[in-house]
Amino acid sequence: MIGTLNRFKKWLGVELIQVSWAERVVAAVGSAVAIASVFLITQQSLPQAAAAGVIASMGASAVLLYAVSHGPLSQPWPLLGGHTLSAIIGVTCAKYIADQTLATAVAVGLAIGVMYQLKCIHPPGGATAFTAVMGGPAVHELGYGFVLCPVLFNAIAMLALAVAINYPFRWRRYPAFLLRHKKVDRLAKSDESEELHQTILEAMGSLDAFVDVSKEDLVYLSEAITTHMNQAPDHSRIGGLRRNSTARWNQRDEDQRSIPKRHRSPKRGQDSITGDL
């Protein structure tokens, strides 16, 4: 029963990582302040009914900026570029495609493609493109002015507030560039750290899918885990696994030394040699 429940939780995507209450409170309060500011800005250019879609897309941005502030999707360029480009695309589709259904579909699809191409994927940008088409006469009357106000003004306000509200809390400073991880012992020389960085980049690329975690965070986690394993006591489970793995490779090396060279199986990273060249 427990196994079935765990599998169901994995299928649902239930996040297992817990965060502190301080983290939760800052995220909630920061989002509330940001949305209040967005509401005031949007009301200056749109009636309340038409402003709903714009505020909704900014609400989605607030979740990213305050609850997932270090994720690649939350950084300044995705925030500004994602909303602004999507707004331009949405307004253009609304102007030149008469059928609203087709215009909406093209706007959202094209916005996603452009955000991918320009490395500014920001999920709420899709909602901004949608609102530009489906926002009604008040939005359509603004034309490309909709891009400047309320969309770009709101995005800039969200960015400024995210920097200011997150800055006093060292562990969650925004953007991620300002974050200073707690120091960990380096794995080895700087060239080995660079090799680790390159290995992580290649591993991420092999997935052929967007991964919402920064390269810097992955490098930090890899180094922290390796440092912990190196410092783990001999009786620890991790230490035992490492010793068993080392023993297996040592035994393999001894076995290969007893085999004629041209019949040896390859070591790690070597090509197989099955005969004389």
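Whatever comes next refers back to the structure up there.
Residues numbered from 1 in each chain as written. Predicted model: local features only at pLDDT ≥ 70, side-chain atom pairs only at ≥ 80, totals over all residues. Heavy atoms only, no water.

### With respect to the packing of aromatic side chains
Okay, so step 1: Taken as a whole and assessed by the stated rule, the structure comprises 2 aromatic pairs.
Okay, so step 2: Aromatic pair Phe8 and Trp11: ring centres 6.1 Å apart, planes at 15°, arrangement stacked. Of this pair, Phe8 and Trp11 are both found in helix 1 (residues 2-12), 3 residues apart, which corresponds to roughly one turn of the helix.
Okay, so step 3: For Phe8, a relative accessible area of 44% puts it in the partly exposed group.
Okay, so step 4: For Trp11, a relative accessible area of 68% translates into the label exposed.
Okay, so step 5: When the ring of Phe169 is compared with that of Trp171, the centres are 5.5 Å apart and the planes differ by 65°; the resulting orientation is edge-to-face.
Okay, so step 6: For Phe169, a relative accessible area of 28% corresponds to the partly exposed category.
Okay, so step 7: A cation over a ring is seen here: Arg24 above Trp21, with NZ or CZ 4.7 Å from the ring centre. (Phe/Tyr/Trp six-rings, centres within 6.5 Å; stacked < 30°, edge-to-face > 60°. Helix = DSSP H or I, 4+ residues; strand = E, 2+ residues; numbered from the N terminus. Buried < 20%, exposed > 50% of the residue type's maximum accessible area, 1.4 Å probe, protein only. Lys NZ or Arg CZ within 6 Å of the ring centre and 35° of its normal.)

### So, helix 5 (residues 100-117)
Okay, so step 1: The terminal C-alpha atoms of helix 5, which comprises 18 residues, lie 25 Å apart, in line with the 26 Å expected from a rise of 1.5 Å per residue.
Okay, so step 2: Of the surrounding secondary structure, the elements contacted by the buried residues of helix 5 are helix 4 (76-96) and helix 6 (124-134).
Okay, so step 3: Near the N-terminus of helix 5, the side chain that reaches the backbone nitrogen of Thr101, with its oxygen 3.2 Å away, is that of Asp99.
Okay, so step 4: Downstream of helix 5 by one or two residues, Lys119 has phi in the positive range, about 60°. (Expected span 1.5 Å × (residues − 1). Contact = heavy atoms within 4.5 Å. Polar contact = N/O pair within 3.5 Å; in protein donor to acceptor, adjacent residues only side chain to side chain.)

### Regarding the nonpolar core
Okay, so step 1: Judged by nonpolar contacts, the single largest core of 25 residues is most densely connected at Leu46, Leu65, Tyr66, Leu79, Phe146, Met158 and Tyr174.
Okay, so step 2: Of all the elements in the fold, those that place two or more residues in this core are helix 2 (21-43), helix 3 (48-67), helix 4 and helix 8 (145-166).
Okay, so step 3: Take this core: its biggest share by element is 8 residues, from helix 3.
Okay, so step 4: With residues up to four places along the chain from it excluded, the contact list for Leu65 reads Ser74, Leu79, Met158, Ala162, Asn166, Arg172 and Tyr174.
Okay, so step 5: Of all hydrophobic cores here, the second largest spans 7 residues; its members include Ile89, Ala103, Ala107 and Ala129. (Core = buried A, V, L, I, M, F, W, Y, C linked by side-chain atoms within 4.5 Å.)

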